[in-house]
Structures are given as structure tokens and as C-alpha cells.
Amino acid sequence: MDSASYQALLAFNREMKTLDDLYRSAARRCGLGECAFWILYTLRFEKAAFTQSDICEFLLEPKQTVNSALKKLVSAGLLQLSAGTDQRSKQILVTEAGDIFCKTHVDPVLEA
């Protein structure tokens, strides 16, 4: 790899690390794990219907990680799972409490 390409790659990696740190801090500030924060962020930003499988694919996260985060968000009353075509394809919905939470904690990150 030539020197200019190497320097560009280093700069790119530094910027990605900075962004990761910012999102990690945002998640911590609102009392969520990173995956839980990214799930809410995705549901707010994408405005599309998602199942757990969709979230796994979209966020490139393992099923177990997403499942754990979803359970915490559901038990906190921020999300609910609605019946899909079968037991494995439940749609993820933001609750009224989740909407309020997102307006306070997630939407400002989207706006920034």
C-alpha cells in the first residue's frame, strides 16, 4: 500500500473510532447498552417495519445480542413485539413510553 493510501486509511479509521465513541457515550448517557441504543436509533431513523432478523441483518449483530437487547427494551416498556406471520417474525414496535424516551435521548443524536 502506498503512503498516501495508508495515511488515508489511518485517518478514516480514526474518524470511525471517534464516531463509535460518540455513539457509545450517547448510549451510556441514556442508560442503554450499545445494541439497545442502535435498535432504537434504527427504528427512529429508518421508519420501516423490522423483525428481530431484520435488525440483526441491518446492524450486523448476532441474534443472541439483539435478542438480549430487545428483551431489555421490552421489559423497560420502550418496545413491544407484535404477532407476525409466525412466532419467529414478530414485528418490533416502539411504545408510547419508547417514543417519549426516543424524543429525549435518541432523536437529539439523530439531529446532531
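Residues numbered from 1 in each chain as written. Predicted model: local features only at pLDDT ≥ 70, side-chain atom pairs only at ≥ 80, totals over all residues. Heavy atoms only, no water.

A. Structural view of the side chain of D107. Here D107 shows up in helix α6 (residues 107-111). Under the relative-accessibility criterion, D107 is labelled buried at 15%. When neighbours within four sequence positions are excluded, D107 is seen to be in contact with R44 and C102. (Helix = DSSP H or I, 4+ residues; strand = E, 2+ residues; numbered from the N terminus. Buried < 20%, exposed > 50% of the residue type's maximum accessible area, 1.4 Å probe, protein only. Contact = heavy atoms within 4.5 Å.)

B. Spotlight on the side chain of T51. In this structure, T51 sits in strand β1 (residues 50-51). Taking the relative accessible area as the measure of exposure, T51 reaches 17% and is therefore buried. What T51 contacts, discounting residues up to four positions off in sequence, is S89, K90 and I92.

C. Fine view of the sheet that holds strand β3 (residues 91-94). Strand order in the open sheet made by the three strands is β1-β3-β2, with antiparallel pairing throughout. Two strands lie at the open edges of the sheet, namely β1 and β2 (79-82), each paired on one side alone. Across four bridges, the pairing between β2 and β3 is antiparallel. Its bridge partner lying in β3, L79 is registered against V94. Strands in contact with helix α4 (residues 63-75) are β2 and β3; relative to β2, the strand with the most contacts, it is inclined by about 110 degrees. (Pairing = 2+ DSSP bridges. Axes fitted to C-alpha atoms, helices over the stretch in contact; angles between N-to-C directions.)

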